[in-house]
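# Inside the fold
Here's the letter readout for the chains.
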Amino acid sequence: MSLYGSFLSDEQFLCSICLDVFSSPSSTPCGHSFCMSCISTYWDGCKVCQCPLCKRTFPKRPDLQINRTLREITEQFRYMKGGGGGGVETEKKRGGRGDGNIPDYLLDELKKKFPRAPAETPTCETRSPENDPTHQPLASSAPPPPPLGPPSTRRRFTMSGAASSQSAAVCGIHSRGVTVYCRTDRVCVCPDCDAEQHQGHETVSVEDEWTETRSQLSASSQEIQEMIRERIRKIEEIRTSVSELELAVERETAGSVGLFSALVSAIERSQAQLMEVMEMSRRAAEHQADAMIRQLEMEVQELRRRESALAALAQSDDPSHGVKTFHLLSTPPPTKNWSGVSVTSDLGSGTIYRSLVALLEKFQEELRNISEKGFPSSALEPSPVRAQPRMRRVQEYALDVTLDGDTAHPRLIVSDDMKSVRCGERHRLLPDHPERFDRVVCVLGSEVISSGRHYWEVEVGGKTDWDLGVARKSISKKGKIDVTPENGYWFLSLRNKNKYAFRTEPSTDVCLTLRPQKIGVFVDFEKGQVSFYNVDAKIHIYTFSDPFTECILPFFSPCTNKSGKNEAPLVLTPVNATE
């Protein structure tokens, strides 16, 4: 029986790192053996050297030497497996025969290192006397060494520590460890793949490439961090630009609305003055014409009397009377020279037109300055309160508010869709509902607010008087009411076209540069705040804070119509978010 079949197996000659038969094997101080190149490469770059198998660490890197005995055994093993190589010549030099049998001088050492398999008879293959007369039998009566048990699957070395925390990669073609890095193709390969497919390429060990790559990680990380910081700065710059743009839009909107509103108001005033002056001129011309016509009619009447007297004198038969009377009748009566008299055609509008021209020239000058310099940041600030939410944010809390007709005062006329209310001329015959106001011309909304944030918009148009806000659900609706926050009323008022005030005791005047056409009402129930906004100009008007102790309802009052001067309705409009 051959020694290979009796003692040796593939597992006993494999390096645990490259998973191939030992090449120049060396042993560590802990007794484990590896290829000299494999263990040297594995320890390169490590601060602490460690055995890949038992994990024993060595304070100082061991000075490894080639295990010559194991190398010779490995060479014999390669030869007996048919691997060829230098094992045959080595055997001949030492006196052995190249027929597949191991030299005699290594037999004792092999028996010590490699036990027999339990199922095998501990004998060695003998040579025939014809070929080798010096043949001696190798049978022994000593008990066989303890068995190793069935061979396990091929061992795989798990790299750890500074090298890797995962299992080493193995080539799927050659079943060897992937220990070579091809810089030309940028791939990791095994030594066989390197020899077959990457000849002439620039190759290094994976560990060397990783050591060089690791030195570049810090620079790459710093470069990435700088790129991140640069983009974060750009994000902040863009956000700042957007914020500045929003402020510029608010400023431009407030300024332009104020400028054009002033121009429109001036034109409307000029138009009204023009109509009034022309009407006065017309009336003056009519009065003048009537006076002249009366005077002319009187003169005509006098001249007709003279004409009748002269006609009667012509029929007289008394010469003496005729001569005397003719002298008196022939002198014309005192009359006015009407040749240069006419009705005044000047309408008196020239002054108004000249004033309007001066206004337009001033407006054009302001437009030129604005087109060159823009609106100043301090111009037309609607309110000193800048920390209030902007229109776009509060509009996110839009509430679909409708009017509660059962609470409307008898003079109020609520539309069928419950979205508008105006004040009529007289009381209407309505049921005396317990929730109906009977003295104050106001109406409540149907939506009960008990938490959260809510917002709605009301078109006030050109009304001269109105009240808008919220009221406590339990307020008294009968008789005279003192509308103050202490009594559960929080609302903004307009009186006489331009006097804005928040109803406190005493009232808090609110100065507005721009006259709003649409009012936005925002309620933050938890904070106890009610805020008002000029929707068209997108600016904050006023905020009042007072903790709400119970549910509240939207509050509306179009006020009395003042003989038609304030008959326009209050209209609840859909909320369209502004940009």
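Placed above this text is the structure.
Just so you know, these numbers come straight off a predicted model, no measurement behind them. (Residues numbered from 1 in each chain as written. Predicted model: local features only at pLDDT ≥ 70, side-chain atom pairs only at ≥ 80, totals over all residues. Heavy atoms only, no water.)

## Regarding the packing of aromatic side chains
With the rule as written, the count across this model stands at twelve aromatic pairs. The interplanar angle of 45° and the centroid separation of 6.0 Å between the aromatic rings of Tyr-397 and Phe-522 together place this pair among those described as tilted. With Tyr-397 in the loop between α10 (391–394) and β8 (412–414) and Phe-522 in strand β16 (residues 518–524), this residue pair connects regions lying 125 residues apart in the sequence. According to the relative accessible area criterion, Tyr-397 is partly exposed, its value standing at 29%. For the ring pair Tyr-489 and Phe-555, a centre distance of 5.6 Å and an interplane angle of 85° mean the geometry is edge-to-face. With a gap of 66 residues between them, Tyr-489 in strand β13 (residues 489–495) and Phe-555 in strand β19 (residues 552–557) connect regions that are remote in the sequence. (Phe/Tyr/Trp six-rings, centres within 6.5 Å; stacked < 30°, edge-to-face > 60°. Helix = DSSP H or I, 4+ residues; strand = E, 2+ residues; numbered from the N terminus. Buried < 20%, exposed > 50% of the residue type's maximum accessible area, 1.4 Å probe, protein only.)

## Overview of the sheet that holds strand β6 (residues 187–189)
Strand order in this open sheet of three strands is β6-β5-β7, and the pairing throughout is antiparallel. Lying at the two open borders of the sheet, with one neighbouring strand each, are β6 and β7 (203–205). Along the sheet, successive strands turn relative to each other by an average axial angle of 35°, direction set aside. Packed on one face of the sheet, helix α7 (residues 206–314) meets β5 (180–182), β6 and β7 and runs near 90° to β7. (Pairing = 2+ DSSP bridges. Axes fitted to C-alpha atoms, helices over the stretch in contact; angles between N-to-C directions. Contact = heavy atoms within 4.5 Å.)

## Observations regarding the pattern of salt bridges
Per the counting criterion, the structure on display carries 21 salt bridges. Close ionic contact of Lys-234 with Glu-237 constitutes a salt bridge, the shortest N to O distance being 3.3 Å. Of this pair, Lys-234 and Glu-237 both sit in helix α7, three residues apart, roughly one helical turn. Judged by relative accessible area, Lys-234 falls into the partly exposed class, the value being 42%. Its relative accessible area of 43% is what places Glu-237 among the partly exposed residues. Notably, a salt bridge pairs Glu-365 with Arg-368, separated by 2.8 Å at the nearest N-O pair. Placement of the pair is Glu-365 and Arg-368 together in helix α9 (residues 350–373), with a separation of three residues, close to one helical turn. Of the residues examined, Arg-368 reaches a relative accessible area of 41% and is grouped as partly exposed. Several salt bridges share partner residues, and in doing so they unite Arg-183, Glu-202, Glu-209 and Glu-212 into one network. (Salt bridge = Lys/Arg side-chain N within 4 Å of Asp/Glu carboxyl O.)

## Structural notes on the sheet that holds β8
Strand order in the open sheet formed by seven strands is β8-β9-β20-β11-β16-β17-β18, with antiparallel pairing between adjacent strands. Every other strand in the sheet has two partners, leaving β8 and β18 (539–545) as the edge strands with one partner each. Strand-to-strand, the axes of this sheet are offset by a mean angle of 20°, without reference to chain direction. Sheet topology note: the strand β9 (residues 420–423)/strand β20 (residues 570–573) ladder contains two bridges and is antiparallel. Residue pairing across strands places Val-421 opposite Leu-570, the latter belonging to β20.

## Observations concerning unusual backbone geometry
Keep in mind that most residues, glycine aside, have a negative phi and that most peptide bonds are trans. Positive phi values are uncommon outside glycine, yet Ser-175 reaches one of about 55°. Inspection of the secondary structure puts Ser-175 in the loop between α5 (107–113) and β5. The backbone of Cys-559 sits at a positive phi, close to 65°, despite the residue not being glycine. Mapped onto the elements of the fold, Cys-559 is located in the loop between β19 and β20.

## A closer look at the nonpolar core
Ranked by size, the top nonpolar core spans 37 residues in total, and within it Trp-456, Trp-466, Val-530 and Phe-556 carry the most contacts. Apart from the residues within four sequence positions on either side, Phe-556 is in contact with Val-401, Leu-403, Cys-442, Val-443, Leu-444, Gly-445, Trp-456, Val-458, Asp-467, Leu-468, Leu-570 and Leu-572. Counting 16 residues, the second largest nonpolar core, distinct from the first, contains Cys-15, Ile-17, Ile-39 and Phe-58. (Core = buried A, V, L, I, M, F, W, Y, C linked by side-chain atoms within 4.5 Å.)

## Quick notes on the pairing of strand β12 (residues 466–472)
Burial analysis of β12 places seven of its seven residues in the buried class, which makes it a mostly covered element. Alignment of β12 against β19, held across six bridges, turns out to be antiparallel. Of the residues in β19, the one forming a bridge with Ala-471 is Leu-553.

## Some remarks on the packing of α7 against α9
Running from amino to carboxyl end, α7 crosses α9 at an angle of 170°, the nearest separation of the two axes being 10 Å. Between α7 and α9, the interaxial angle falls into the category roughly antiparallel. Together, Leu-259, Phe-260, Leu-263, Ala-266, Ile-267, Ser-270, Gln-273, Leu-274 and Val-277 of α7 and Ile-352, Tyr-353, Leu-356, Leu-359, Leu-360, Phe-363, Glu-366, Leu-367 and Ile-370 of α9 make up the contact between the two elements. (Parallel < 35°, antiparallel > 145°, perpendicular 65-115°, else oblique.)

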